[in-house]
There are 2 protein chains.
Amino acid sequence: MKAEKISEAVVRRLPVYLRHLTELHKREVMTVSSQELGQKLDLNPAQIRKDLAYFGDFGRKGIGYDVSYLIEKIRHILKLDRQINVALIGAGNLGHALSNYNMYLKESMKIVAVFDSYVPKIGTKINMLTVQPIEELKETVVEKNIRVGIITVPDTEAQRVADQLIEAGVEAILNFAPTVLKAPPEVRIHAADFTTDLLSLAYYLDSGKETEVHDNDKQPEKVDR
Amino acid sequence: MKAEKISEAVVRRLPVYLRHLTELHKREVMTVSSQELGQKLDLNPAQIRKDLAYFGDFGRKGIGYDVSYLIEKIRHILKLDRQINVALIGAGNLGHALSNYNMYLKESMKIVAVFDSYVPKIGTKINMLTVQPIEELKETVVEKNIRVGIITVPDTEAQRVADQLIEAGVEAILNFAPTVLKAPPEVRIHAADFTTDLLSLAYYLDSGKETEVHDNDKQPEKVDR
DNA sequence: TAGATTGTTAATCGATTAACAATC
DNA sequence: TAGATTGTTAATCGATTAACAATC
């Protein structure tokens, strides 16, 4: 156990550990080694041990990690043993998808309000929640102690929505719009836009067998002008 | 221009550059410096210059980068100047959301087939595409020269779907299910699961003002047993 | 005790940032 | 020419991996 600063990379692996541990728990596996965990999650065992050791001595030498105990610990580290209220802004397909997933996470992160600016959507229901007009954002955030906002509006509206969330006092934003949001440093912004993922994937495709579209330059990759 | 291996981090920034450059192009901005780009995208200008320099000498000293020219170059690097056919497996809300976004990206990555295993969904339309039974996956992948698969099925089915995609011969998979997929090294897997994002965000919230749920241990963070 | 596996230090590897000569 | 900005090298910073003593 040390007092170092925990890197973002470490924090982003914790939910992955948690997920697999929960799976093991369901299968009534009592104990797991960093070796086995690494195999399953495609990670280096040393890295897993190091990640966990930042937060405490959770394992037992010669044995491994007690599954239930480690679940409990990671849940605590990630603050998933408290309820955190979340607002969803944007009641489109993506918003729907997110609120469905959210049903899984019983306590912890919980979507407690949904907003949209498109008038016909207001008043409709999404998983027990009534879609509210975006004008009610601020008061609802305060009333319901909402601490996280999820943005699933079109990119043109994303910054405006972010500004309203920040002004209302949220501490973190998960942004699905394909824009880089501006925010003061105390508000944590996480980009979750998948067009970026999809486009970067294209880079790794084998050239050679593509269905061509236009200006197909078959020259040997000249870059200089 | 060098012959180094390009890191994943670099590749993942390219779509972000492209997006902003396209925006500038729309606003008829002719030229942009790494300085300005860095400001807008929250990146170090040196990093932007270095990223671009991996692929060629795209800028002009004292001037900056020609917006149109750089767009063209990045599109070429990312292979977005050819059409790449994509299959979507899972016609739920998330699948819908993705196929909507896909409409934007005129050419390049294009969803050309949608599959689902849920019988009542088969035959329904999503953005001009008819949902097909998953049994037709392999033949369709071959027929339509599909090279990328997007998985938006529940986590319990994800690995099976991945296996079918791989067997059918896709080169890359974008996986939205919260599972670590097993695949041979020549198939690129990209995890795009957002529960991980959401859960890791909780870590960064200020403790102190939470709505408590259960087993609220207010002891001073003891880790040892 | 022998075998297994942790926690941690040291070594390696890789990515970001600073600095600056080249040059538009 | 003076000012701006690139491309690139060197310096820094950070993250991953290997190795191993401690110990269950």
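Predicted, not measured: the structure shown is a model, and the values here were computed from it.

K.L.:
Account for the protein's contact with DNA strand D, with residues named and values stated.
P.N.:
Near DNA strand D you find 24 residues, and of these A:Ser7, B:Ser34, B:Arg49, B:Gly59 and B:Tyr65 are the closest. A breakdown of the atoms of DNA strand D within 4 Å of the protein gives sugar and phosphate a share of 64%. The separation between a sugar or linking oxygen of DNA strand D and a polar side-chain atom of A:Arg60 is 3.4 Å. With 4 residues, helix H3 (residues 45-53) of chain A is the largest single contributor of residues to the surface near DNA strand D. Of the residues belonging to the surface near DNA strand D, the class tally is 5 nonpolar, 9 polar and 10 charged.

K.L.:
How would you sum up the sheet that holds strand S1 (residues 31-32) of chain A? Please name residues and give values.
P.N.:
Residue and element names in this part refer to chain A. Read from one edge to the other, the open sheet built from 3 strands follows the order S1-S3-S2, with strand pairing classed as antiparallel. Among the strands making up the open sheet, the edge pair consists of S1 and strand S2 (59-60). Looking at chain direction, S2 and strand S3 (residues 64-66) are connected through 2 bridges and run antiparallel. Each bridged residue has a counterpart across the sheet, and for Gly59 the counterpart in S3 is Tyr65. Of the strands in this sheet, S1 and S3 touch helix H4 (residues 67-77), which is tilted by about 75° from S3.

K.L.:
Give a detailed account of helix H7 (residues 155-168) of chain A, specifying residues and quantitative values.
P.N.:
Residues and elements named next belong to chain A. Here H7 contains 14 residues, and its C-alpha end-to-end distance of 20 Å stays within 8% of the 20 Å for a straight helix at 1.5 Å per residue. Listing the buried residues of H7 in full gives Ala158, Val161, Ala162, Leu165, Ile166 and Ala168. Down the axis of H7, the sector holding all buried residues measures 150°, keeping them to one side. Across from the buried face of H7, at angles greater than 90 degrees, the exposed residues are Thr156, Arg160 and Glu167.

K.L.:
Tell me about the UniProt feature "DNA-binding region" (unreviewed entry) in chain A, and please be specific about residues and values.
P.N.:
In the numbering used here, UniProt assigns the feature "DNA-binding region" (unreviewed entry) to residues 16-55 of chain A. As a span, residues 16-55 of chain A carries 70% helix and 5% strand, and end to end its C-alpha atoms are 16 Å apart.

K.L.:
Explain the sheet that holds strand S1 (residues 31-32) of chain B residue by residue, including any values.
P.N.:
Strand order in this open sheet of 3 strands is S1-S3-S2 (chain B), and the pairing throughout is antiparallel. Unpaired on one side and paired on the other, S1 and strand S2 (59-60) of chain B mark the two borders of the sheet.

K.L.:
Requested: an account of the interface of chain B and chain A, with residues and values cited.
P.N.:
Every contact between the two is made by 86 residues of chain B and, on the other side, 84 residues of chain A. Of the roughly 8300 Å² buried at the junction of chain B and chain A (both faces included), carbon and sulfur atoms supply 60%. Our count for the chain B to chain A interface comes out at 6 salt bridges. A salt bridge links A:Arg12 to B:Asp197; the nearest nitrogen and oxygen atoms lie 2.1 Å apart. At the junction of chain B with chain A, the criterion picks out 18 residue pairs in polar contact (both at pLDDT 80 or more). If one sorts the elements of the side of chain B that touches chain A by residue count, helix H8 (residues 194-202) of chain B sits on top with 9 residues.

K.L.:
Report on the pattern of salt bridges, specifying residues and quantitative values.
P.N.:
All names here are of chain A. This model, assessed by the stated rule, comprises 18 salt bridges over all chains. The salt bridge partner of Arg188 is Glu8, with a shortest N-O separation of 2.5 Å. On the criterion of sequence distance, the pair formed by Arg188 in strand S10 (residues 188-191) and Glu8 in helix H1 (residues 8-26) is long-range, its members being 180 residues apart. The exposure class assigned to Arg188 is partly exposed, which follows from its relative accessible area of 27%. Taking the shortest distance from any N to any O, the salt bridge between Arg82 and Asp81 comes out at 2.5 Å. The exposure classification of Arg82 matches that of Asp81, with both residues buried.

K.L.:
Describe the relation of the copies chain B and chain A, listing the residues and the values that go with them.
P.N.:
For the match of chain B to chain A, the screw axis carries a shift of 0.0 Å, the RMSD comes to 0.0 Å, and the turn is 180°. A rotation of that kind, with that shift, is consistent with a two-fold axis. Residue by residue, 98% of the interface of chain B is reproduced at the interface of chain A, so both copies engage with the same surface.

K.L.:
Pulling in residues and values, what's your account of the UniProt feature "binding site: NAD(+)" (unreviewed entry) in chain A?
P.N.:
The positions UniProt marks with the feature "binding site: NAD(+)" (unreviewed entry) are A:Gly90, A:Ala91, A:Gly92, A:Asn93, A:Leu94 and A:Gly95. A:Gly90 sits in the buried class, given a relative accessible area of 4%. Apart from residues lying up to four places away in sequence, A:Gly90 is in contact with A:Gly95, A:Phe115, A:Asp116, A:Thr152 and A:Val153. With respect to the helices and strands, the residue A:Asn93 is situated in helix H5 (residues 93-104). For A:Asn93, the contacting residues outside a window of four places in its chain are B:Asn93, B:His96, B:Ala97 and B:Asn100.

K.L.:
Describe the protein's contact with DNA strand C, naming the residues involved and giving the relevant values.
P.N.:
Around DNA strand C sit 24 residues, and of these A:Ser34, A:Arg49, A:Gly59, A:Tyr65 and B:Ser7 come closest. For DNA strand C, the fraction of protein-proximal atoms (within 4 Å) that sit in sugar or phosphate groups is 63%. A distance of 3.1 Å is found between a base oxygen of DNA strand C and a backbone nitrogen or oxygen belonging to A:Gly62. Counting residues per element, the ones that place at least two in the surface near DNA strand C are H3, S2 and S3 of chain A together with helix H3 (45-53) of chain B. No other element matches the 4 residues that H3(B) contributes to the surface near DNA strand C.

What counts and what doesn't
- Residues numbered from 1 in each chain as written.
- Chains lettered and ligands numbered in written order.
- Predicted model: local features only at pLDDT ≥ 70, side-chain atom pairs only at ≥ 80, totals over all residues.
- Heavy atoms only, no water.
- Near = heavy atom within 4 Å.
- Polar contact = N/O pair within 3.5 Å; in protein donor to acceptor, adjacent residues only side chain to side chain.
- Helix = DSSP H or I, 4+ residues; strand = E, 2+ residues; numbered from the N terminus.
- Nonpolar A, V, L, I, M, F, W, Y, C, P; charged D, E, K, R; others polar.
- Pairing = 2+ DSSP bridges.
- Contact = heavy atoms within 4.5 Å.
- Axes fitted to C-alpha atoms, helices over the stretch in contact; angles between N-to-C directions.
- Expected span 1.5 Å × (residues − 1).
- Buried < 20%, exposed > 50% of the residue type's maximum accessible area, 1.4 Å probe, protein only.
- Arc of directions from axis to C-beta.
- UniProt positions renumbered as here; feature names shortened; annotations may be inferred.
- Buried area = accessible area lost by both parts, 1.4 Å probe.
- Salt bridge = Lys/Arg side-chain N within 4 Å of Asp/Glu carboxyl O.
- Least-squares fit on C-alpha atoms with pLDDT ≥ 70 in both.

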